[in-house]
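Analysis of the macromolecular model
The lines below spell out each chain.
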Amino acid sequence: NAANDETREFIYENIMFLHANLEEHGEAAKYAEKTAPYLKNMKDENYYVRFLVNWAIECQKANQEQKSDSIFREIESLLDEVSNETKAAVYSNRGFVLILQKKYSECINVLSKGVVFAETELGNGNILLSTMYHNMGRAYMLLEDYKTALENLNKSKNLQIQENCEAMPRTLQYIKECEGK
């Protein structure tokens, strides 16, 4: 019945996040797969898509690249049904997964589209923009294009300061690395 399904979903989802926090990504991916059917039936597309993004990341961290890519294909089929904020989060997280997959040029392409989308639909001060610029800067670093990396990392830093009054240590670390090249 519905109450049992909600309880099961709640338990599976919490176990998934517990394993993710313990960096046990294979176990997290396993519980995400158990959770997904229950969430899909709850009719909250934004929450479901954000859950799928977390599942795809856990699969990638557990070296399940094909499963991660398959989940992102499902996410793409649902994008017309979600908010602009969720769409921007998908761009941002897809870029992150592409970095993990060492697909840096594809990452830059996805994040470039994400930046245009976020600036157009959400405004220039959205926190997701700083994440996209950060990850795009990281991808350029890994391609050894330090000048372009620095441009993106500085945009990220400025947005982080605007949003949080300080920049993330990792962003500052990457900027320092690029300046040394």
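Since the model is a prediction, treat every value here as computed from it, not as a measurement.

A separate point is the nonpolar core. Ranked by size, the top nonpolar core spans 26 residues in total, and within it Met 132 and Met 136 carry the most contacts. If you list the elements that add at least two residues to this core, you get helix 5 (84–100), helix 6 (104–121), helix 7 (127–142), helix 8 (146–164) and helix 9 (169–179). Sequence-distant contacts of Met 136, that is, excluding residues within four places in its chain, are made with Ile 108, Leu 111, Ser 112, Val 115 and Asn 152.

All told, the structure shown has six salt bridges when counted by the stated rule. In this structure, the salt-bridge partner of Glu 33 is Lys 67, at a minimum N-O distance of 3.7 Å. Here Glu 33, found in helix 2 (residues 25–40), pairs with Lys 67, found in helix 4 (residues 65–78); they are 34 residues apart in sequence, far enough to count as distant. Taking the relative accessible area as the measure of exposure, Lys 67 reaches 30% and is therefore partly exposed. Through salt bridges with shared partners, a single network forms among Glu 65, Asp 69, Arg 94 and Lys 103.

Further remarks concern the layout of surface pockets. Computed from the structure, the largest pocket encloses a volume of approximately 190 Å³. Forming the boundary of the largest pocket are Phe 72, Glu 76, Leu 79, Lys 87, Val 90, Tyr 91, Arg 94, Glu 106, Asn 109, Val 110 and Lys 113. For the lining of the largest pocket, the secondary-structure elements that each account for two or more residues are helix 4, helix 5 and helix 6. The residue makeup of the lining of the largest pocket, split by class, is five nonpolar, one polar and five charged. Counted as a void, the second largest pocket has a volume near 150 Å³.

Reading the values: rules and limits
Residues numbered from 1 in each chain as written. Predicted model: local features only at pLDDT ≥ 70, side-chain atom pairs only at ≥ 80, totals over all residues. Heavy atoms only, no water. Core = buried A, V, L, I, M, F, W, Y, C linked by side-chain atoms within 4.5 Å. Buried < 20%, exposed > 50% of the residue type's maximum accessible area, 1.4 Å probe, protein only. Helix = DSSP H or I, 4+ residues; strand = E, 2+ residues; numbered from the N terminus. Contact = heavy atoms within 4.5 Å. Salt bridge = Lys/Arg side-chain N within 4 Å of Asp/Glu carboxyl O. 1 Å grid on protein atoms, 1.4 Å probe; cavity = no way out; pocket = protein on both sides within 12 Å on 5 of 7 lines; lining within 4 Å. Points joined across faces, edges and corners; volume = space filled by probe spheres on them. Nonpolar A, V, L, I, M, F, W, Y, C, P; charged D, E, K, R; others polar.

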